[in-house]
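Here is what each chain is made of, one letter per residue.
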Amino acid sequence: MLPRKRAAADGVVVIEAEPETIVNNNNVAVSSPFKKQRFGSCIIATAGNESTAKNGDNSAVIGGNSDQNNSRVVESSSQSIMALGDANHSEIDEDLHSRQLAVYGRETMRRLFASNILISGMQGLGAEIAKNLILAGVKSVTLHDEGVVELWDLSSNFVFSESDVGKNRALASVQKLQELNNSVIISTLTTKLTKEQLSDFQAVVFTDIGFEKAIEFNDYCHNHQPPISFIKAEVRGLFGSIFCDFGPEFTVVDTDGEDPHTGIIASISNDNPALVSCVDDERLEFQDGDLVVFSEVHGMTELNDGKPRKIKSARPYSFILEEDTTNFGMYTKGGIVTQVKQPKVLNFKPLREALKDPGDFLLSDFSKFDRPPLLHLAFQALDKFVSDLGRFPVAGSEEDALKLISIAGNINESLGDGRVEDINPKLLRHFAFGSRAVLNPMAAMFGGIVGQEVVKACSGKFHPLFQFFYFDSFESLPTEPLDPSDFRPLNSRYDAQISVFGSKLQKKLEDAKVFIVGSGALGCEFLKNIALMGVSCGDEGKLTITDDDVIEKSNLSRQFLFRDWNIGQAKSTVAASAAASINSHLNIEALQNRVGPETENVFDDTFWENLTVVINALDNVNARLYVDQKCLYFQKPLLESGTLGAKCNTQAVIPHLTENYGASRDPPEKQAPMCTVHSFPHNIDHCLTWARSEFEGLLEKTPAEVNAYLSNPVEYKTAQRNAGDAQARDNLERVLECLEKEKCETFQDCITWARLRFEDYFVNRVKQLIYTFPEDAATSTGAPFWSAPKRFPQPLQFSAADPSHLQFVTAASILRAETFGIPIPDWVRHPKMLAEAVEKVIVPDFQPKKDANIVTDEKATTLSTASIDDAAVINELIFKLELCTENLPQGFRMKPIQFEKDDDTNYHMDLIAGLANMRARNYSIPEVDKLKAKFIAGRIIPAIATSTAMATGLVCLELYKVLDGGHKVEDYRNTFANLALPLFSMAEPVPPKVIKHGDMSWTVWDRWILRDNPTLRELLQWLKDKGLNAYSISYGSCLLYNSMFPRHRERMDKKFVDLAQEVAKADLPPNRRHLDVVVACEDDEDNDIDIPQISIYFS
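Given the structure is predicted, the values throughout are model-derived calculations rather than measurements.

(A) Layout of the nonpolar core. Among the nonpolar cores identified, the biggest contains 176 residues, and Leu177, Ile242, Phe469 and Ile516 are the most heavily contacted of them. With 11 residues, helix α26 (residues 945-964) is the largest single contributor of residues to this core. The residues contacting Leu177, other than those within four sequence positions of it, are Met122, Ala127, Ala130, Lys131, Ile134, Leu143, Phe158, Val159 and Ile186. Formed by 79 residues, the second largest nonpolar core is a distinct cluster that contains Leu688, Ala754, Ile814 and Phe892.

(B) Region of the structure containing the pattern of salt bridges. By the definition in use, this model includes 65 salt bridges. Here Asp802 makes a salt bridge to Arg921, at a shortest N to O gap of 3.0 Å. Here Asp802 is found in the loop between α20 (747-772) and α21 (803-820), whereas its partner Arg921 is found in helix α24 (residues 908-922), with 119 residues between them in sequence. What makes Arg921 partly exposed here is its relative accessible area of 28%. If you follow the salt bridges from partner to partner, you end up with Asp145, Glu150, Asp153, Arg169 and Arg436 in one network.

(C) The arrangement of a nonpolar patch on the surface in detail. Together, Phe976, Leu981 and Leu983 make up an exposed nonpolar region whose accessible area comes to about 230 Å². Tracing the backbone shows Phe976 in strand β27 (residues 974-978).

(D) Seen up close, the packing of helix α17 (residues 684-711) against α24. Viewed as axis vectors pointing N to C, α17 and α24 meet at an angle of 130°, and their least axial separation amounts to 8 Å. Between α17 and α24, the angle falls in the class oblique. Handedness of the α17/α24 crossing: right-handed. Contacts from Ile684, Cys687, Leu688, Trp690, Ala691, Arg692, Glu694, Phe695 and Leu699 in α17 reach His908, Leu911, Ile912, Leu915, Ala916, Asn917, Arg919 and Ala920 in α24. When the residues that make up the contact of α17 with α24 are grouped by side-chain class, the tally is 12 nonpolar, 2 polar and 3 charged.

(E) The sheet that holds strand β18 (residues 336-340), seen in detail. With antiparallel pairing, 6 strands are arranged side by side around a closed barrel as β13-β14-β17-β16-β15-β18. The sheet shows a mean angle of 50° between the axes of neighbouring strands, direction not considered. Of the strand pairs in this sheet, strand β13 (residues 262-268) and strand β14 (residues 274-278) are connected by 3 bridges, and their pairing is antiparallel. Across the sheet, Ile268 pairs through a bridge with Val276, a residue of β14.

(F) The arrangement of helix α6 (residues 371-389) in detail. Relative to the 27 Å expected for 19 residues at 1.5 Å per residue, α6 spans 26 Å between its end C-alpha atoms, a close match to the ideal helical length. Inspection of α6 places Arg371, Pro372, Leu374, Leu375, His376, Leu377, Ala378, Phe379, Ala381, Leu382 and Phe385 among the buried residues, and these make up the whole buried set. In the stretch just after α6, Gly390 is the one whose phi turns positive, near 70°.

(G) Quick peek at the pairing of strand β20 (residues 468-472). Counted residue by residue, β20 has 5 buried out of 5 residues, so it is predominantly covered. Along β20, one buried face is formed by Phe468, Tyr470 and Asp472 and the opposite face, lined by Phe469 and Phe471, is buried too. Sheet analysis places strand β11 (residues 239-245) next to β20, joined by 5 bridges and oriented antiparallel. What sits directly across from Phe239, in β20, is Asp472.

(H) Molecular detail of the sheet that holds strand β25 (residues 638-644). Ordered in space as β23-β22-β21-β24-β25-β26-β27-β28, the 8 strands form an open sheet in which the pairing is mixed. A strand with exactly one partner marks an edge of an open sheet, and here the two such strands are β23 (588-591) and β28 (983-987). Taking the axes of each pair of neighbouring strands and ignoring which way they run, one obtains an average angle of 10° across the sheet. Each of β22 (542-546) and β23 touches helix α13 (residues 571-582); the most contacted strand, β23, lies at about 165° to it.

About the thresholds
Residues numbered from 1 in each chain as written. Predicted model: local features only at pLDDT ≥ 70, side-chain atom pairs only at ≥ 80, totals over all residues. Heavy atoms only, no water. Core = buried A, V, L, I, M, F, W, Y, C linked by side-chain atoms within 4.5 Å. Buried < 20%, exposed > 50% of the residue type's maximum accessible area, 1.4 Å probe, protein only. Helix = DSSP H or I, 4+ residues; strand = E, 2+ residues; numbered from the N terminus. Contact = heavy atoms within 4.5 Å. Salt bridge = Lys/Arg side-chain N within 4 Å of Asp/Glu carboxyl O. Patch = residues over 30% accessible without salt bridge, like charges linked within 9 Å, V, L, I, M, F, W, Y side chains within 5 Å. Areas by Shrake-Rupley, 256 points an atom, 1.4 Å probe, with all protein chains shown as cover. Axes fitted to C-alpha atoms, helices over the stretch in contact; angles between N-to-C directions. Parallel < 35°, antiparallel > 145°, perpendicular 65-115°, else oblique. Left-handed = near helix turned anticlockwise from the far one by under 90°. Nonpolar A, V, L, I, M, F, W, Y, C, P; charged D, E, K, R; others polar. Pairing = 2+ DSSP bridges. Expected span 1.5 Å × (residues − 1).

None of the figures reported here should be taken as evidence of function without further support.
Next up, the structure:
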């Protein structure tokens, strides 16, 4: 059985097989058959005692003094104990892990829940990897480190504080890591590792180990049965490396994590090989060599045998099937073709072989095509330097740098034909200087990548990194040359960072004024990174973060600054407090405002003008575009990022150097035509879109419409009469139906309503559809009406014996009762009693109408059709409505229900899944479970901690460049990465488009400013002096001047502020010091010239 995710309530007992000795407060040894160690709400099991910090009473204590905390870490010579949580459960907490489930699926999650991981080396990189795996929910994580916390470590490790200095790193990490997920067993090892201890784990990660020991451990893991997945990862300053070995034969179950591609068949030829054509509803995503299976094919039924068949010559809407169909039946209609995903077996080489013959390196940046072989050499040279001298090179020491360069040269010469042509002494010099430092952005980035590799190792989900990956951000270094004294440590928590960038950049980081927009998954990671980097931690610095959202349970699997006791609290406030606990010097202000036009009194001109940089941590495009426009206007750098499952992207938007975020956009998502959703669905997405629409119509919009009428009947009736259209008629019909024909007063009424809804949706409407368009119906051109992608439906027959039918009635009747404020009896949840109540419902016979109007036009945007007698019908409806409201209780109101996807007890998803699956059953579309329905109908964005961590690490590498200043466009990097493949694609940003006129040039970043509130004449002359003839000037939507209107010349000597207030009725708030006008110009040859926006400043 696999472990179930559950939160520890009161603490958990750790039991050892061997009796142990516990030292009590009076220094008396007490023999005990088991030991309990309480720490906060969890128990910590530890092993080893060498490096354990001791207090006065000889007991080992984690995180604080013994008089403040009764927690005990009992020393043990036995191996690490793992006993938190129950390993005999297989349930997944879908509320907590819904976003992660959308990426991995249940099977991968169950494999993760059964996986035991060792992480050796608890500096910044080890902590980041541990965080990502604990959030993912592995069974256990064992932390190994023999060293103690130094002030130096605080540059990159978010779990350490100044009070931890001198304590063992592994022990000092446990408490804060355990808070991330109480269901994961976290234990420690503090003594020297033996290779035999590795056999307890499915995957082992080493972040601080020499090659000699790594080869010994890797050989053991490679030859172990079954093999133990081995990962060696290092972050050295701005350089990093990863090596993966998952054994001689590792099976990848799913190489990319994408759903199998499908196509709807239009025709299949009787040929050898056969040509298969598909409908042009959506492009096919097949590739040559793919295997596919066929289903629902009519005529050529031989293809429906479920046998995978190979394809070639894949085109957007057709492919060649490598099959002789000459003697098959003639294709007539229908058919779905589905890609079959094949497992892939990888043969990993052990480290001792791979070092000599690394094969192809995984590239991340094509401008550094020759960099991986050089870094392969550099990391070996560093390993030899450390093993020879017993220390890392000293930052700023030219002697040490030369020694490392010499070692690299000697190793390179020994490689013969495989040697590197240029060992790049300049790069190796900086590599040597920063080699002891673990930088937080590098740790965050590599922590994301390595965390994902561990998930792959434990589950077979996604393609592993094969086998070496090297990365550097050499261009993040300051542009000005640094003196060796700049690297000198200052005995501060930022010394590791100073050893790479120097103390001058550190000062710039500390004095930065930063605005982070959003405090969700990205925002939490950014706050942690910024606190560790020391950004906004100086006297001049300030960090402002805003988010109008509150914490939900589903946030806790990625938004790691939040705990379960924070649910319901403001995200920004909790996150800011957590970030300040990482670094108490952080000057942070948390706001709960949405950033948009409605909050420009909060985020006013002065606010934007004072910023150094803006970092977006948003989850929607519209907010991103708004912030982008603000940064464009105030010429502020913007660092943009986003994630989607295992994918992430980052973009640096730098004033005058790069294009802005809004300069290029993804095409809008293709929407299914309304008639397809309502009458001709052919996939489950259509069914769920319809179900969500019906839910909102029945339970939110109609009750809200009823309340609008009841709150102010006179005004409501007047508004509907004035509108006088089909929409007004529909509104009145819905209100009247709700208050008269379908009014519910008892719970039995709600059951009747639910049962009749079932009949209407899944029986009567389908009968009407196939009556209007029988199976042999033809279009006006004579083609079969029911041709692909349309699917011919069948009405359902309600049965109280069918659980899915009863579940639909249960959910529908409970929610209907909620809208009417009717108490819900307990018996509704008992199928037998509910079935008896349903049987009482009298279902009238249905007769199809001959003149039913069913929309088939794919361009139609509404199902309502206008009628010449709408006004008369509206008056009649209003009359009926007035009569029925006389019978309502005094003060009657309905209770509209807003869809909430993340509460599994509220029946919202039960109803939507029921609606969608019954409709799918009508059309013979495969049904989905409630979780899959939640993903689609709830529009859940798949999200995992690893890609979020990687994205923020990459952005913070760009932040160094932004805050240093002076970097060229070629120094910046935009990134797209897909951890599933894995793929890393980095490129310099696109520069902005330049517009030229005469000897002037400008870009979208430029804004022309005129001060002292000029007159209209002065503005026109100012432009004339530039060779520009202005013919139109507008403020907002109001025209202030047009050269064709003679009366506008009377405005020539008016000041602009007066013009805006008199003509445009501009309301200029006290905090505004300027107004913006749009000017249309042409040159002397009458060619239109697109000039920048003009800002008129006034006192």
